[in-house]
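# Commentary on secondary and tertiary structure
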Amino acid sequence: AQSVTQLDSHVSVSEGTPVLLRCNYSSSYSPSLFWYVQHPNKGLQLLLKYTSAATLVKGINGFEAEFKKSETSFHLTKPSAHMSDAAEYFCVVSDLRAGNMLTFGGGTRLMVKP
Amino acid sequence: NAGVTQTPKFQVLKTGQSMTLQCAQDMNHEYMSWYRQDPGMGLRLIHYSVGAGITDQGEVPNGYNVSRSTTEDFPLRLLSAAPSQTSVYFCASSLEGEGQGYEQYFGPGTRLTVT
(Lines give C-alpha, C1' and ligand atoms only; values in the text may rest on other atoms or scores of the structure.)
Protein backbone atom coordinates (compact mmCIF):
# COMPACT_ATOMS: atom_id res chain seq x y z
CA ALA A 1 0.00 0.00 0.00
CA GLN A 2 1.14 3.53 -0.63
CA SER A 3 1.00 6.41 1.81
CA VAL A 4 2.10 10.01 2.14
CA THR A 5 3.13 11.87 5.29
CA GLN A 6 3.42 15.61 5.32
CA LEU A 7 5.54 16.26 8.35
CA ASP A 8 4.17 19.70 9.21
CA SER A 9 0.50 20.61 9.31
CA HIS A 10 1.36 24.34 9.53
CA VAL A 11 4.43 26.28 8.41
CA SER A 12 4.90 30.00 8.99
CA VAL A 13 7.58 32.06 7.23
CA SER A 14 8.31 35.72 6.69
CA GLU A 15 7.99 37.22 3.24
CA GLY A 16 11.30 36.95 1.39
CA THR A 17 12.59 33.97 3.39
CA PRO A 18 12.92 30.39 2.10
CA VAL A 19 10.08 27.89 2.17
CA LEU A 20 10.47 24.19 2.98
CA LEU A 21 7.45 21.88 3.04
CA ARG A 22 8.34 18.31 3.90
CA CYS A 23 6.88 15.17 2.41
CA ASN A 24 7.75 11.50 2.92
CA TYR A 25 6.12 8.73 0.95
CA SER A 26 5.79 5.00 1.05
CA SER A 27 5.31 2.99 -2.10
CA SER A 28 6.11 -0.55 -3.05
CA TYR A 29 7.02 0.33 -6.60
CA SER A 30 8.28 3.30 -8.58
CA PRO A 31 5.93 6.12 -7.76
CA SER A 32 4.85 9.29 -9.48
CA LEU A 33 4.83 12.23 -7.09
CA PHE A 34 3.00 15.52 -7.24
CA TRP A 35 2.59 18.73 -5.30
CA TYR A 36 -0.75 20.53 -5.53
CA VAL A 37 -1.66 23.93 -4.07
CA GLN A 38 -5.10 25.00 -2.84
CA HIS A 39 -5.83 28.66 -2.24
CA PRO A 40 -8.73 29.49 0.11
CA ASN A 41 -12.12 28.40 -1.25
CA LYS A 42 -10.55 27.27 -4.50
CA GLY A 43 -9.88 23.97 -6.23
CA LEU A 44 -6.46 22.36 -6.42
CA GLN A 45 -3.79 23.41 -8.90
CA LEU A 46 -0.77 21.35 -9.94
CA LEU A 47 2.55 22.88 -8.87
CA LEU A 48 4.90 20.21 -10.16
CA LYS A 49 5.28 16.49 -10.76
CA TYR A 50 7.94 13.79 -10.74
CA THR A 51 7.55 10.84 -13.07
CA SER A 52 10.96 9.08 -13.04
CA ALA A 53 12.81 11.63 -15.15
CA ALA A 54 15.07 14.27 -13.53
CA THR A 55 15.08 14.04 -9.74
CA LEU A 56 15.03 17.84 -9.32
CA VAL A 57 11.70 19.07 -10.59
CA LYS A 58 10.88 22.71 -11.25
CA GLY A 59 7.30 23.91 -11.04
CA ILE A 60 5.28 27.05 -11.34
CA ASN A 61 5.75 30.21 -9.27
CA GLY A 62 9.39 29.43 -8.41
CA PHE A 63 8.71 26.20 -6.54
CA GLU A 64 10.83 23.10 -6.94
CA ALA A 65 11.08 19.67 -5.36
CA GLU A 66 13.73 16.98 -5.21
CA PHE A 67 12.95 13.28 -5.36
CA LYS A 68 15.25 11.34 -3.02
CA LYS A 69 14.62 7.65 -3.30
CA SER A 70 17.03 6.70 -0.52
CA GLU A 71 15.18 8.97 1.89
CA THR A 72 11.70 8.36 0.36
CA SER A 73 11.23 12.11 0.38
CA PHE A 74 9.86 14.73 -2.00
CA HIS A 75 10.25 18.04 -0.18
CA LEU A 76 8.94 21.26 -1.74
CA THR A 77 11.11 24.40 -1.62
CA LYS A 78 11.08 28.00 -2.76
CA PRO A 79 13.98 30.42 -2.25
CA SER A 80 11.86 33.44 -1.34
CA ALA A 81 8.27 33.42 -0.11
CA HIS A 82 5.64 35.84 -1.41
CA MET A 83 2.44 36.79 0.34
CA SER A 84 0.54 35.15 -2.52
CA ASP A 85 2.10 31.78 -1.61
CA ALA A 86 -0.11 31.53 1.48
CA ALA A 87 -2.23 28.46 0.81
CA GLU A 88 -2.55 24.76 1.61
CA TYR A 89 -0.14 22.40 -0.12
CA PHE A 90 -0.69 18.71 -0.76
CA CYS A 91 1.90 16.08 -1.54
CA VAL A 92 0.45 13.26 -3.63
CA VAL A 93 1.76 9.84 -4.61
CA SER A 94 0.58 7.53 -7.34
CA ASP A 95 1.76 4.11 -8.32
CA LEU A 96 1.13 2.42 -11.63
CA ARG A 97 0.85 -0.99 -10.03
CA ALA A 98 -1.58 0.33 -7.40
CA GLY A 99 -4.10 1.14 -10.10
CA ASN A 100 -2.78 4.67 -10.44
CA MET A 101 -4.88 5.72 -7.50
CA LEU A 102 -3.77 9.05 -6.05
CA THR A 103 -3.02 9.10 -2.33
CA PHE A 104 -2.96 12.54 -0.73
CA GLY A 105 -1.01 13.70 2.27
CA GLY A 106 -2.89 15.51 5.01
CA GLY A 107 -1.79 18.92 3.75
CA THR A 108 0.47 21.69 5.01
CA ARG A 109 -0.92 25.16 5.53
CA LEU A 110 1.68 27.78 4.64
CA MET A 111 1.35 31.18 6.27
CA VAL A 112 3.45 34.10 5.06
CA LYS A 113 4.03 37.03 7.38
CA PRO A 114 4.78 40.51 6.04
CA ASN B 1 -12.78 26.63 -21.91
CA ALA B 2 -14.68 26.65 -18.64
CA GLY B 3 -12.57 23.72 -17.39
CA VAL B 4 -14.24 21.68 -14.65
CA THR B 5 -17.46 23.11 -13.25
CA GLN B 6 -19.39 21.94 -10.20
CA THR B 7 -22.84 22.78 -8.93
CA PRO B 8 -24.03 23.69 -6.39
CA LYS B 9 -21.26 25.50 -4.51
CA PHE B 10 -22.99 25.05 -1.17
CA GLN B 11 -25.68 22.66 0.01
CA VAL B 12 -27.32 21.83 3.32
CA LEU B 13 -29.19 18.54 3.62
CA LYS B 14 -31.13 16.83 6.38
CA THR B 15 -30.19 13.29 7.35
CA GLY B 16 -31.83 10.82 4.99
CA GLN B 17 -32.29 13.20 2.09
CA SER B 18 -30.81 12.43 -1.29
CA MET B 19 -29.20 14.73 -3.81
CA THR B 20 -26.92 14.86 -6.83
CA LEU B 21 -23.74 16.87 -7.12
CA GLN B 22 -23.12 17.90 -10.69
CA CYS B 23 -19.75 17.91 -12.45
CA ALA B 24 -18.99 18.81 -16.05
CA GLN B 25 -15.83 19.36 -18.07
CA ASP B 26 -15.33 20.75 -21.55
CA MET B 27 -11.79 19.53 -22.20
CA ASN B 28 -12.77 16.17 -23.71
CA HIS B 29 -11.03 14.34 -20.87
CA GLU B 30 -11.70 10.63 -20.60
CA TYR B 31 -10.80 10.31 -16.94
CA MET B 32 -13.01 11.87 -14.26
CA SER B 33 -13.12 11.38 -10.52
CA TRP B 34 -14.76 12.51 -7.30
CA TYR B 35 -12.93 13.25 -4.06
CA ARG B 36 -13.97 14.35 -0.62
CA GLN B 37 -11.79 16.62 1.46
CA ASP B 38 -11.88 16.45 5.25
CA PRO B 39 -9.65 18.43 7.63
CA GLY B 40 -6.23 16.87 8.11
CA MET B 41 -6.96 14.00 5.72
CA GLY B 42 -6.17 15.46 2.33
CA LEU B 43 -8.43 14.28 -0.47
CA ARG B 44 -9.84 10.76 -0.68
CA LEU B 45 -11.08 9.17 -3.86
CA ILE B 46 -14.77 8.24 -3.88
CA HIS B 47 -15.43 7.01 -7.44
CA TYR B 48 -13.79 7.40 -10.80
CA SER B 49 -14.50 6.82 -14.47
CA VAL B 50 -12.09 6.03 -17.30
CA GLY B 51 -14.64 6.85 -19.99
CA ALA B 52 -18.33 7.02 -20.81
CA GLY B 53 -20.15 3.98 -19.46
CA ILE B 54 -17.29 2.88 -17.21
CA THR B 55 -17.07 3.63 -13.49
CA ASP B 56 -15.26 2.11 -10.53
CA GLN B 57 -14.94 2.55 -6.80
CA GLY B 58 -12.22 4.47 -5.06
CA GLU B 59 -11.13 4.48 -1.46
CA VAL B 60 -14.40 5.64 0.19
CA PRO B 61 -17.35 4.69 -2.08
CA ASN B 62 -19.99 3.75 0.51
CA GLY B 63 -23.10 5.92 0.40
CA TYR B 64 -22.36 7.32 -3.06
CA ASN B 65 -23.34 6.35 -6.59
CA VAL B 66 -22.02 7.58 -9.93
CA SER B 67 -22.80 7.17 -13.59
CA ARG B 68 -21.08 8.37 -16.78
CA SER B 69 -23.45 8.57 -19.72
CA THR B 70 -21.41 11.20 -21.57
CA THR B 71 -17.75 12.20 -21.70
CA GLU B 72 -18.61 15.65 -20.30
CA ASP B 73 -20.69 14.82 -17.22
CA PHE B 74 -20.00 12.81 -14.09
CA PRO B 75 -22.67 13.32 -11.39
CA LEU B 76 -22.28 12.07 -7.83
CA ARG B 77 -25.40 10.90 -6.01
CA LEU B 78 -25.83 10.74 -2.27
CA LEU B 79 -28.45 8.09 -1.68
CA SER B 80 -29.39 8.84 1.94
CA ALA B 81 -27.33 11.63 3.42
CA ALA B 82 -25.61 11.12 6.77
CA PRO B 83 -23.75 13.64 8.97
CA SER B 84 -20.52 11.72 8.20
CA GLN B 85 -20.87 12.92 4.61
CA THR B 86 -20.42 16.53 5.64
CA SER B 87 -17.39 17.49 3.60
CA VAL B 88 -16.08 19.43 0.64
CA TYR B 89 -16.43 17.51 -2.61
CA PHE B 90 -14.13 17.99 -5.58
CA CYS B 91 -14.54 16.71 -9.08
CA ALA B 92 -11.44 16.28 -11.26
CA SER B 93 -10.63 15.30 -14.80
CA SER B 94 -7.54 14.42 -16.80
CA LEU B 95 -6.51 13.15 -20.21
CA GLU B 96 -5.47 9.79 -18.87
CA GLY B 97 -5.78 7.82 -15.67
CA GLU B 98 -4.63 9.13 -12.37
CA GLY B 99 -0.97 9.41 -11.71
CA GLN B 100 0.39 8.65 -15.15
CA GLY B 101 2.09 11.99 -15.07
CA TYR B 102 -1.08 13.65 -16.33
CA GLU B 103 -2.34 16.71 -14.51
CA GLN B 104 -5.63 16.44 -12.73
CA TYR B 105 -7.85 19.50 -13.27
CA PHE B 106 -10.03 20.19 -10.26
CA GLY B 107 -13.36 21.93 -10.02
CA PRO B 108 -13.97 24.66 -7.39
CA GLY B 109 -15.69 22.27 -4.99
CA THR B 110 -19.08 21.78 -3.36
CA ARG B 111 -19.36 22.37 0.37
CA LEU B 112 -21.96 19.97 1.77
CA THR B 113 -23.37 20.03 5.28
CA VAL B 114 -25.66 17.26 6.53
CA THR B 115 -27.60 18.03 9.69
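It should be noted that the structure appears before, not after, this text.
The paragraphs below set out a description of the structure included in this document.

Here the focus is the overall build of chain A. Regarding its fold elements, chain A presents 0 helices and 12 strands. What you see in chain A, going N to C, is helices and strands ordered as β-β-β-β-β-β-β-β-β-β-β-β. The C-alpha radius of gyration computed for chain A amounts to 14 Å, which stays within 12% of the reference 13 Å derived for 114 residues, consistent with globular compactness. Over its C-alpha atoms, taken along the principal directions, chain A stretches across nearly 45 × 30 × 20 Å. Summed over its atoms, the accessible surface of chain A is roughly 5500 Å², and 51% of this surface lies on carbon and sulfur atoms. Of the charged side chains in chain A, 10 are positive and 8 negative; the average position of the first set lies 3 Å away from that of the second.

One pass over the structure, following the stated rule, counts 2 disulfides over all chains. Between Cys23(A) and Cys91(A) runs a disulfide, and the two sulfur atoms are separated by 2.0 Å. Judged by the sign of its S-S torsion, about -65°, the bond between Cys23(A) and Cys91(A) is left-handed. On the criterion of sequence distance, the pair formed by Cys23(A) in strand 4 (residues 23-26) and Cys91(A) in strand 10 (residues 87-95) is long-range, its members being 68 residues apart. For the pair formed by Cys23(A) and Cys91(A), the shared burial category is buried. The disulfide that involves Cys23(B) links it to Cys91(B), with 1.8 Å between the sulfurs. Sign of the S-S torsion, about -70° for the bond between Cys23(B) and Cys91(B), identifies this disulfide as left-handed. On the criterion of sequence distance, the pair formed by Cys23(B) in strand 3 (residues 19-25) and Cys91(B) in strand 9 (residues 87-94) is long-range, its members being 68 residues apart. When its relative accessible area of 2% is taken as the criterion, Cys23(B) is described as buried. Judged by its relative accessible area of 0%, Cys91(B) falls in the buried class.

Here is what the cut-offs are and how they apply
Residues numbered from 1 in each chain as written. Chains lettered and ligands numbered in written order. Predicted model: local features only at pLDDT ≥ 70, side-chain atom pairs only at ≥ 80, totals over all residues. Heavy atoms only, no water. Helix = DSSP H or I, 4+ residues; strand = E, 2+ residues; numbered from the N terminus. Rg over C-alpha atoms; globule rule 2.2 N^0.38 Å. Areas by Shrake-Rupley, 256 points an atom, 1.4 Å probe, with all protein chains shown as cover. Lys, Arg positive; Asp, Glu negative; His and termini not counted. Charge placed at Lys NZ, Arg CZ, Asp CG, Glu CD. Disulfide = S-S within 2.5 Å. Buried < 20%, exposed > 50% of the residue type's maximum accessible area, 1.4 Å probe, protein only.

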